[in-house]
Amino acid sequence: MSAQGDCEFLVKRARELVPGDLWAAKAWLITARTPAVGPGLWFVNFPDQPAVWREISVITAALRNDSQDKQTQFLRGLFETLPGRVQCEMLLKATEQCFNTLERAEMLLLLLRRFPETVVQHGVGLGESLLEAESIEDQESPVNCFRKLFVCDVLPLIINNPDVRLPASLLYKYLNKAAEFYINYVTRSTQTESQYQGSQDSSDILSPSKRSSQKYVIDGLTEKSSQITDPWERLFKILSVVGMRCEWQMDKGRRSFGDILHRMKDLCRYISNFDSDAHAKYKNQVVYSTMLVFFKNAFQYVSNIQPSLFQGPNAPSQAPLILLEDVPNVYGDTDIDRNKHIHKKRKLAEGREKPMSSDDEDPAGKARSRHITVNKADLANSIEVLESFKLARESWELLYSLESLDKEFTRICLSWKTDTWLWLRIFLTDMIIYQGQYKKAISSLHHLAALQGSHSPQQMTGQGSLENQRALIQLATCHFALGEYRQTCEKVLDLMCCILLPIQEGGKVQEEQPKVKSKFRKGSDLKLWPCTSRAIMPYCLHLLLACFKLRAFTDSRDDMALGHVVVLLQHEWPRGESLFLKAINKICQQGNFQYENFFNYVTNIDMLEEFAYLRTQEGGKIHLELLPNQAMLIKHHTVTRGITKGVKEDFRLAMERQVSRCGENLMVVLHRFCVNEKILLLQTLA
C-alpha cells in the first residue's frame, strides 16, 4: 500500500498547486504517473474500496462535464496521464457501477469514442438500451435525451464502423429513428415547447420563449449536449451511409435535392421489373430518399412564409405569408356600353386605359403549370422558397405515385403522428390549393384550424390574431374558387371582425395601403400575400366585390347588391370607374334606385356628383331613395309640404353633409361597412 500512499500524496500535492500554478500541478501529476502504474494499477486492484471509487467517480464525472474550470481541467489531465489500457478498464468498470441509464450511456460513449475497437462489442447494445429506455420512460416527443444520444452520438459510431455487421431491417429501423428525431428537432415549434415546458422562471435557461437569445436545452442533457449543428446535413449523411450498406443504387459525390428527386423518378420507372428482394430494397431507397427531400423542402417553404412558428417572440418580426387565389379582373367588365348616359364626369373614363388583369389572359392558362407571384419586399429569397415548394410538391406526388410507396410512406407518417404537425398541415394546405382541389383544401383547412387552436389555446386579439386566422382567409379563397359566394362572404366578414386598423394619435388611421398591381405575369393565378391588415383587408374587399357584382348585374333587379357594389367600388378608385358607370347605366334603365345605406358609407366625391346629377333634368330625373326611411318621409312631406319639395331639400342637405365627409379615411369607412352590415350583406347573397 506504500505505492498507493505515495501516489495519493503526489496527487494531493498537485491538487494544492492547481489554483496558483497549473503547470507545476501538471508536473507533479506526471510524477504521480509512475507510482500509479508501477504497483499494478491500484484503482483496478482495489475495486471494492470506497475511497478508490470515490476518486474514479470524480474523475469520470469531470470527463462528462462541459465545464472549463481549473479543477475539472486538472481531473481530465489526471485521466490523460494514465495508459490507454488503464483508461479503458477504468471506464468499463465505471460503467458497471452506473445504474442510471443516461449516466451509463454517457460513460460508454466516452469508452466508444476513445477506443473505437470497443464499438463492435458495445455499440449496438448501447443503442438498443437507449431506445428501450425511451420506450419505458414513455417520452412524449422523439426529441428527448435518449433519442438524442442514440441518433447523434451512438448511431454514427455504429454505422461508420465496417466491423459492425447489421441486417438491413435494423439499418432501416435506425434510419427511421434518426429521421424522426432530426425532423422534429428542426421543426419543433415555440408553441409546442411552451405547452411542454409549462411556465418557466424568467431566468430558466430551458424557456423556449427566449430561444432567440438563449439556447434550447433537451430535458436531461446539458446545454452543450443539446445543441446540434447542421441537423439536415447529419441526417442526409446517415441516409447516404445506410444506402451504401444496403447496396442502394447510389451516385458518387454530393447531389442537389433536385438531382436526388430526378434519380428517384428514374428508379420508379423500372422498379416493378426487379425481383421481390431487390424491389423491397429499392422501394426503401425511393421512400426514404424522396421522403427526406420532401420534409426538408416543405420545412424550407414554411419556415420562410411563417418563420414565427420556429422562432421565439424576441426574434425579428416578419409578417407571415399566405397563399391565396388571385381575384381575377375584379374591376373589369367587357359588356359596358359607354354610349349611354354620358356626362362630363363620365367622359373622363373614355381617356383612361382599360385595367389589365389575369382575366385578359388565355383562359386555358390554368390548365398549365400555375404561377405564384410574391413581392420581393415581402420575401427577399422568393426564388429559392418557390423552388423548395416545387420540390416538396413533386416529392409528395412521387411518394403517392405507386401503391407500394404510398403504403410505406403512409405507415411512416402514421407512426410519426405527422397529422399533428402544424407546420406540415400549412404546407399541405398550400399544396392542395395550388393543385386546385378546393373541396379537399377546405377539409384540410378545418384540420389546420383545429391544430392552430391546440397550439395557441389563448385567444389573441387585434392585429396579431390575423396570423391565427390563416385558415379563415384561405377558406374564403377556396369557397370563392368553387363559386360558393355566400360562404366566401361569411368567411371574409368573420375575418373583418378580427382586423384592427393601426390607429394614430388623434384617432386618425394611417392612410398607407399596399399598391396592388393590376397586371400580373402571363398565367399567374396565385399570390403569397403578407398576413397583415394592410394587405389582407384590400384582398377581402376584392373578394366581396367579386361576389356582389355577379348578383348586381344579372338581368333581374337587385338594388341591395348594386348598392353594396357602389360602396365597395370606392376602394382603389378610379380603378373601378368602368364598373361604376355600368351600375349608373343600370339605374338609369330601371328609372329608380333604392339603397338606404348610401349616405352611411359612400364618401367618394365623384360618385356623389354622379348621383346628384341623376336627379337633374339632364341626368334623367331618376327617382332615388337613398335616405333612411325615405318612404316614411315621403308620406310625411305629402301631408305637410308637398310630395317632392321636402324630399328634395332633405336630399340636398344630405349631399352637402356627405361632401364634408370626403376627407374621411376610406378604409375606416369600408371596415365599418363590413362589420356593421354583416347580416345585411349575408342576406343579400342568400
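Procedures and definitions
- Residues numbered from 1 in each chain as written.
- Predicted model: local features only at pLDDT ≥ 70, side-chain atom pairs only at ≥ 80, totals over all residues.
- Heavy atoms only, no water.
- Helix = DSSP H or I, 4+ residues; strand = E, 2+ residues; numbered from the N terminus.
- Buried < 20%, exposed > 50% of the residue type's maximum accessible area, 1.4 Å probe, protein only.
- Contact = heavy atoms within 4.5 Å.
- Areas by Shrake-Rupley, 256 points an atom, 1.4 Å probe, with all protein chains shown as cover.
- Polar contact = N/O pair within 3.5 Å; in protein donor to acceptor, adjacent residues only side chain to side chain.
- Salt bridge = Lys/Arg side-chain N within 4 Å of Asp/Glu carboxyl O.
- Core = buried A, V, L, I, M, F, W, Y, C linked by side-chain atoms within 4.5 Å.
- pLDDT = per-residue confidence, 0-100.
- Phe/Tyr/Trp six-rings, centres within 6.5 Å; stacked < 30°, edge-to-face > 60°.
- Lys NZ or Arg CZ within 6 Å of the ring centre and 35° of its normal.

Enquirer: Sorry if this is basic, but what is going on with the overall build of the protein chain here?
Expert: Scanning the protein chain from N- to C-terminus turns up 31 helices and five strands. In the protein chain, buried positions account for 52% of the 686 residues. Of the contacts formed within the protein chain by residues at least 6 apart in sequence, a portion of 74% connects residues at least 24 apart. With the model as given, the accessible surface of the protein chain reaches about 32,600 Å², and the carbon-plus-sulfur share is 52%.

Enquirer: Before we go on, may I ask you to explain unusual backbone geometry in this structure?
Expert: A cis geometry characterises the amide bond from Trp573 onward to Pro574, with omega recorded as 15 degrees. Of note, Pro574 is situated in the loop between α24 (559-568) and α25 (577-590). In this model, Lys417 sits at a positive phi of 60 degrees, which is unusual for a non-glycine residue. Here Lys417 is to be found in the loop between α18 (403-416) and α19 (422-434).

Enquirer: How do you make sense of the environment of Thr616 when you look at a structure like this?
Expert: Position of Thr616 among the secondary structure elements: in the loop between α27 (605-614) and β5 (623-625). According to the relative accessible area criterion, Thr616 is partly exposed, its value standing at 27%. Of the polar contacts made by the side chain of Thr616, one reaches the backbone oxygen of Tyr613; its length is 2.6 Å.

Enquirer: I tried to follow the pattern of salt bridges on my own but got confused; where do I start?
Expert: Within the structure shown, the criterion is met by 18 salt bridges. A salt bridge links Glu325 to Arg370; the nearest nitrogen and oxygen atoms lie 2.8 Å apart. With Glu325 in strand β1 (residues 321-325) and Arg370 in the loop between α16 (344-350) and β2 (371-373), this pair connects stretches of sequence that are 45 residues apart. Each of the two residues, Glu325 as well as Arg370, counts as buried.

Enquirer: Explanation requested: the environment of Asn161 in the structure shown.
Expert: Along the chain, Asn161 falls in the loop between α9 (145-159) and α10 (168-187). Expressed as a C-alpha distance, the spacing of Asn161 and Val120, which sit 41 residues apart in the sequence, is 7.9 Å. Discounting chain neighbours no more than four positions away, the residues touching Asn161 are Pro116, Val119, Val120 and Arg245.

Enquirer: Looking at this model, I keep getting lost on the nonpolar core. Mind explaining?
Expert: Within soluble globular proteins, side chains that are nonpolar tend to cluster in buried spots. Judged by nonpolar contacts, the single largest core of 112 residues is most densely connected at Ile183, Met291, Phe294, Phe295, Tyr301, Trp423 and Phe427. At 15 residues, helix α15 (residues 276-305) tops the list of elements feeding residues into this core. Contacts of Trp423, omitting those with residues within four sequence positions, involve Ile183, Thr187, Phe295, Ala298, Phe299, Val302, Leu309 and Phe310.

Enquirer: Sorry, what's going on with the confidence of the model for the protein chain here?
Expert: Low-pLDDT stretches of the model should not have their predicted coordinates read in fine detail. When pLDDT is averaged across the protein chain, the result is 77; 68% of the residues are at 70 or more. Note on residues 36-41: pLDDT under 50 across the span, and ten contacts to partners over four residues away in sequence or across chains.

Enquirer: How should the packing of aromatic side chains be read in this particular structure?
Expert: The description of an aromatic ring pair rests on the distance of the ring centres and on the angle between the ring planes. If you walk through the whole model with that rule in mind, you get 37 aromatic pairs. The interplanar angle of 20 degrees and the centroid separation of 6.0 Å between the aromatic rings of Trp421 and Trp423 together place this pair among those described as stacked. One exposure class covers both Trp421 and Trp423, and it is buried. With 6.1 Å between their ring centres and 35 degrees between their planes, Phe593 and Phe611 make a pair best called tilted. Of the two residues, Phe593 is situated in strand β4 (residues 592-594) and Phe611 in helix α27; the sequence distance between them amounts to 18 residues. Just above the ring of Tyr185 sits the side chain of Arg188; from NZ or CZ to the centre is 4.4 Å.

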